[in-house]
Amino acid sequence: MHNQINLLIITLAVASIALTPMIINQNANAASHYCSDEKGKSKAWIEGCKQGWYDHDHCLSYNPGTGEVAKGYKVGWSKGSC
């Protein structure tokens, strides 16, 4: 019985390690599509949005910059999660 529990724990750990890159890539793809699909937004806004989403998903500090980049960053940050 103890060996079965250990095997289950090891299996869950390996599966979570294997799936982590796929989950992170899905978040990156979602950020790219969401930010790029915003109509009427400048390239700077879109890049700020992507960067904000990335920073929040990777638990980095809030660093919006200025201008259109900062406006997009704020939106992207709100979509990410740490």
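The structure contained in this document is the topic of the report that follows.

So, about the overall build of the protein. In terms of helices and strands, the protein carries three helices and zero strands. Moving toward the C terminus, one meets the helices and strands of the protein in the order α-α-α. Residue burial in the protein is summarised as follows: out of 82 residues, 21% are buried. The contacts in the protein between residues at least 6 apart in sequence include a share of 41% that link residues at least 24 apart. For the protein, the computed accessible surface area is about 5900 Å², with 62% contributed by carbon and sulfur atoms.

Tallying each qualifying case throughout the model produces two salt bridges. Of the charged contacts, one joins E47 and K50 as a salt bridge, the two residues approaching to 3.8 Å between their closest N and O atoms. With E47 and K50 both in helix α2 (residues 43-57) and three residues apart, this pair spans about one turn of that helix. Exposure remark for K50: the relative accessible area of 24% places this residue in the partly exposed category.

Its 13 residues place the ends of helix α3 (residues 67-79) 19 Å apart at the C-alpha level, agreeing with the 18 Å of an ideal helix rising 1.5 Å per residue. Residues of α3 that are buried include every one of A70, G72, Y73, G76 and W77, and no others. Seen from one end, α3 has its buried residues packed into an arc of 165°, which puts them on one side. Those residues of α3 that are exposed and angled more than 90 degrees off the buried face are K71, K74 and S78. Packed against the buried residues of α3 are α2.

Further remarks concern unusual backbone geometry. The phi dihedral of C59 is positive, around 55°, even though this residue is not glycine. Following the sequence through the fold, C59 ends up in the loop between α2 and α3.

Moving on to the side chain of D57. With respect to the secondary-structure elements, D57 resides in helix α2. Here D57 sits buried without a salt bridge, and the closest side chain of opposite charge, K79, lies 12 Å off (N-O distance).

Turning our attention to the state of the cysteines. Tallied over the entire structure, the rule returns two disulfides. Here C35 pairs with C49 through a disulfide, and the sulfurs are 2.0 Å apart. Note on the C35 and C49 pair: the S-S dihedral is about -65°, so by sign convention the disulfide is left-handed. One end of the pair, C35, is in helix α1 (residues 2-36); the other, C49, is in helix α2, with 14 residues separating them in the sequence. What links to what in the protein: the bonded cysteines, counted in sequence order, pair as 1-2, 3-4.

Reading the values: rules and limits
- Residues numbered from 1 in each chain as written.
- Predicted model: local features only at pLDDT ≥ 70, side-chain atom pairs only at ≥ 80, totals over all residues.
- Heavy atoms only, no water.
- Helix = DSSP H or I, 4+ residues; strand = E, 2+ residues; numbered from the N terminus.
- Buried < 20%, exposed > 50% of the residue type's maximum accessible area, 1.4 Å probe, protein only.
- Contact = heavy atoms within 4.5 Å.
- Areas by Shrake-Rupley, 256 points an atom, 1.4 Å probe, with all protein chains shown as cover.
- Salt bridge = Lys/Arg side-chain N within 4 Å of Asp/Glu carboxyl O.
- Expected span 1.5 Å × (residues − 1).
- Arc of directions from axis to C-beta.
- Lys, Arg positive; Asp, Glu negative; His and termini not counted.
- Disulfide = S-S within 2.5 Å.

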